[in-house]
Amino acid sequence: MKYAQTFIPDVWIIEPVVYNDARGYFFEAYKQPEFEAHTGPVRFMQDNESSSVRGVLRGLHYQLAPWSQAKLVRVIQGRVLDVAVDIRRGSPAFGRYVSVELSDENRRQLFIPKGFAHGFYVMSETAVFTYKVDCPYMPAHERSIRFDDPAIGIDLTALAGNTPVMSAKDRQAPLLADAEINFEYDK
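The model shown is predicted, which means the values in this text are computed figures rather than measured ones. (Residues numbered from 1 in each chain as written. Predicted model: local features only at pLDDT ≥ 70, side-chain atom pairs only at ≥ 80, totals over all residues. Heavy atoms only, no water.)

## Quick notes on the packing of aromatic side chains
To be explicit about the condition: Stacked, tilted and edge-to-face pairs are distinguished by plane angle, under 30 degrees for stacked and over 60 for edge-to-face with tilted covering the rest, among Phe, Tyr and Trp rings (Trp via its six-membered ring) whose centres lie within 6.5 Å. Helix and strand definitions here come from DSSP, where helices need a minimum of 4 consecutive H or I residues and strands a minimum of 2 consecutive E residues; each element is numbered from the N-terminal end. The buried label applies to any residue whose accessible area, calculated with a 1.4 Å probe on protein chains only, is under 20% of its type's maximum; exposed applies above 50%, and partly exposed to all values in between.
Applying the stated rule across the entire model yields nine aromatic pairs. With centroids separated by 5.7 Å and ring planes inclined at 70°, the aromatic side chains of Tyr30 and Phe44 adopt a geometry described as edge-to-face. Of this pair, Tyr30 sits in the loop between strand 4 (24-26) and helix 1 (32-39) while Phe44 sits in the loop between helix 1 and strand 5 (46-53), and the two are 14 residues apart along the sequence. Between Phe35 and Phe44 the ring centres are 5.6 Å apart and the planes differ by 50°, which places this aromatic pair in the tilted class. The same class applies to Phe35 and to Phe44, which are both buried. Aromatic ring contacts, followed pair by pair, group Tyr30, Phe35, Phe44 and Phe111 into a single cluster.

## Concerning the environment of Arg88
Operational definition: Any two residues whose heavy atoms approach within 4.5 Å at even a single point are treated as in contact.
Turning to its location among the elements, Arg88 is positioned in the loop between strand 8 (79-86) and strand 9 (97-103). Between the alpha carbons of Arg88 and Phe27 there is a distance of 33 Å; along the sequence they are 61 residues apart. Excluding residues within four positions of it along the chain, Arg88 makes contact with Ile8, Asp10, Phe94, Lys114, Gly115, Phe116, Phe183, Glu184 and Tyr185.

## Re unusual backbone geometry
Across the junction of Gly59 and Leu60, the peptide omega takes the value 10°, indicating a cis bond. In this structure, Leu60 sits in strand 6 (residues 57-63). In this chain, Ala65 is followed by Pro66 through a cis amide linkage whose omega measures 10°. With respect to the helices and strands, Pro66 occurs in the loop between strand 6 and strand 7 (71-77). Not every positive phi belongs to a glycine, and Arg107 is a case in point at roughly 55°. Relative to the helices and strands, Arg107 resides in the loop between strand 9 and strand 10 (109-112).

## Overview of the sheet that holds strand 5
Going by this rule: Note on pairing: two strands pair once DSSP finds at least 2 bridges between them. Lines fitted to C-alpha atoms define the axes here, with helix axes fitted over just the stretch in contact, and angles between the N-to-C directions of these axes take values from 0 to 180 degrees.
Pairing within the open sheet is antiparallel, and its six strands lie in the order 1-2-10-7-12-5. Two strands bound the open sheet, and with one partner strand each, they are strand 1 (2-5) and strand 5. Direction aside, the axes of adjacent strands within the sheet are offset by 25° on average. Bridging between strand 7 and strand 10 involves four bridges; their strand directions are antiparallel. Bridging across to strand 10, Lys71 finds its partner in Ile112.

## Side note on the sheet that holds strand 6
With antiparallel pairing, the five strands of this open sheet are ordered in space as 9-8-11-6-13. What marks the edges here is a single partner per strand, and that holds for strand 9 and strand 13 (142-144). Averaged over all adjacent pairs, the angle separating strand axes in this sheet is 25°, with direction ignored.

## With respect to the side chain of Asp86
The residue Asp86 is located in strand 8 in this model. Apart from the residues lying within four places of it in its own chain, the contact partners of Asp86 are Ile8, Ser91, Ala93, Phe94, Gly95, Arg96, Gly115 and Phe116.

Any functional reading would require information that these geometric values do not contain.
And the structure:
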């Protein structure tokens, strides 16, 4: 696999080496020793999968510590714009984001460490999105930040002027300045 560190050093784009032949393709999607050589120790304990239609926007989601989650995300079918926002107080990248297109064609993955809000926007007719997490879902600790927060300034050209399909919770999410955050940058 090829590991590319983003401008936020803890966030990684991972591209597998794909072997194609007349039967189809094969690639390793996750290899713990190689993964942890780049990211440090992460103990994934659960895999999740969602299916969404064109125009769905999920996020920006995170869980408060001590239930925060590191995630390894990828798209099995379709195409999404995936976004991770640094919400670690004291981080030199606080409020900045990494965005990457994930698709069944490019097979990229994005590693998002604890202390980041995460979301994605579906750009294909449908998308099947899968991700590993290192901590279970804890509804009482889940929080959201508005995807269109001008202070974050996510490039929304992928939306092409369309109103995204969102949950009521995501539509009513607070701005970053008003969000409950309990992450500290520890580097």
